[in-house]
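One letter stands for each residue in the lines below.
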Amino acid sequence: MARTTNSDTLPFVESRYELGMLASQRVRDLNGGVEPVVDKNNDKMTVVALREIASGKLDVDAVRHEFIQSYKETPVVEAQETALEIGSEDPEVRGFAAELDGESVTEDIEEEDLVPDESEDEE
């Protein structure tokens, strides 16, 4: 296949938009060390990814699933890492942190901390 066109890939993807997303995911995979399913022929990774999709040899559903999962992952906080809010002087932040830890909040927050200072608004 000398030149890959959109019409060559459309039987394997639902739209041009999806083609762009899947090709970009496949390029990330190829740059990460995954072996291409077609000959590379000194082509750029983008061209290789499009040729793979157009050839029908690539499992497009697996690439689609991998693309979706890459946006669902959340960062994992290690046990020794601390949040930036710990030790915060803001009573609301302390309250939220205490609620998340399952602690009682009422004894830590004084009534004057919850009422906004009107003197700051007048300036």
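Residue numbers restart at each chain and count upward from 1, following the sequence in its written direction. Only residues with pLDDT of 70 or above have their local features reported here, since the model is predicted, and side-chain atom pairs are shown and tallied only from 80 upward, although totals for entire chains, interfaces and linings are computed over all residues. Excluding hydrogens and water, the side-chain figures rest on all heavy atoms present in the structure.

Draft legend 1. A look at the overall build of the protein. The number of helices and strands found in the protein is seven helices and zero strands. Partly exposed residues are those whose accessible area sits between 20% and 50% of the maximum for their type, while under 20% is buried and over 50% is exposed, using a 1.4 Å probe and protein chains only. Looking at the 123 residues of the protein, the share that counts as buried comes to 22%. Any pair of residues with heavy atoms lying within 4.5 Å of one another is described as a contacting pair. Taking all contacts inside the protein whose residues are at least 6 apart in sequence as the whole, residues at least 24 apart take part in 45%. Accessible surface for the protein amounts to roughly 9,600 Å². Of this, 49% is attributable to carbon and sulfur atoms. Here a strand is any run of E in DSSP of at least two residues, a helix any run of H or I of at least four, and the numbering for each starts at the N terminus. Areas reported as accessible are Shrake-Rupley estimates using a 1.4 Å probe. Residue values count occlusion only from the protein chains shown.

Draft legend 2. Inspection of the pattern of salt bridges at higher detail. For this analysis, a salt bridge means a side-chain nitrogen from Lys or Arg found within 4 Å of a carboxyl oxygen belonging to Asp or Glu. What the rule picks out here adds up to four salt bridges. Residues participating in the shared-partner salt-bridge network are Glu18, Asp61 and Arg64.

Draft legend 3. Structural detail: the environment of Glu66. Structurally, Glu66 can be placed in helix 4 (residues 60-72). Of the residues examined, Glu66 reaches a relative accessible area of 34% and is grouped as partly exposed. The sequence separation of Glu66 and Arg26 amounts to 40 residues, and the corresponding C-alpha distance is 9.3 Å. Leaving out residues up to four positions away in the same chain, Glu66 has contacts with Gln25 and Asp29.

Draft legend 4. Seen up close, helix 2 (residues 16-31). Helix span, expected: 1.5 Å multiplied by one less than the number of residues in the helix. Its 16 residues give helix 2 an end-to-end C-alpha distance of 22 Å, which sits within 8% of 22 Å, the value for a rise of 1.5 Å per residue. Of the positions making up helix 2, those classed as buried are Glu18, Leu19, Leu22, Ala23, Gln25, Arg26, Val27, Asp29 and Leu30. Count one or two residues on from helix 2 and you reach Gly33, which has phi positive near 115°.

Draft legend 5. Summary view of the packing of helix 2 against helix 4. Packing of helix 2 against helix 4 brings their axes to within 9 Å, and their N-to-C directions diverge by 85°. Relative to helix 4, helix 2 is oriented roughly perpendicular. Together, Glu18, Met21, Leu22, Gln25, Arg26, Arg28 and Asp29 of helix 2 and Val60, Val63, Arg64, Glu66, Phe67 and Ser70 of helix 4 make up the contact between the two elements. Note that Gly is not counted as nonpolar here; it falls among the polar residues with everything else outside the nonpolar set of Ala, Val, Leu, Ile, Met, Phe, Trp, Tyr, Cys and Pro and the charged set of Asp, Glu, Lys and Arg. Residues that form the contact of helix 2 with helix 4 fall into these classes: five nonpolar, two polar and six charged. Lines fitted to the C-alpha atoms define the axes, with helices restricted to the stretch that makes contact. Angles between their N-to-C directions range from 0 to 180 degrees. The cut-offs work like this: below 35 degrees is roughly parallel, past 145 is roughly antiparallel, 65 to 115 is roughly perpendicular, and the gaps in between are oblique.

Draft legend 6. Spatial organisation of the packing of aromatic side chains. Working definition: a ring pair exists when centres of Phe, Tyr or Trp rings (six-membered ring for Trp) sit within 6.5 Å. Plane angles under 30 degrees give stacked, over 60 give edge-to-face, the rest tilted. Overall, the coordinates contain one aromatic pair when judged by the stated rule. Between Phe67 and Tyr71 the ring centres are 5.2 Å apart and the planes differ by 65°, which places this aromatic pair in the edge-to-face class. Of this pair, Phe67 and Tyr71 both sit in helix 4, four residues apart, which is roughly one turn of that helix.

So far we have only geometry, and geometry alone does not tell us how the molecule works.
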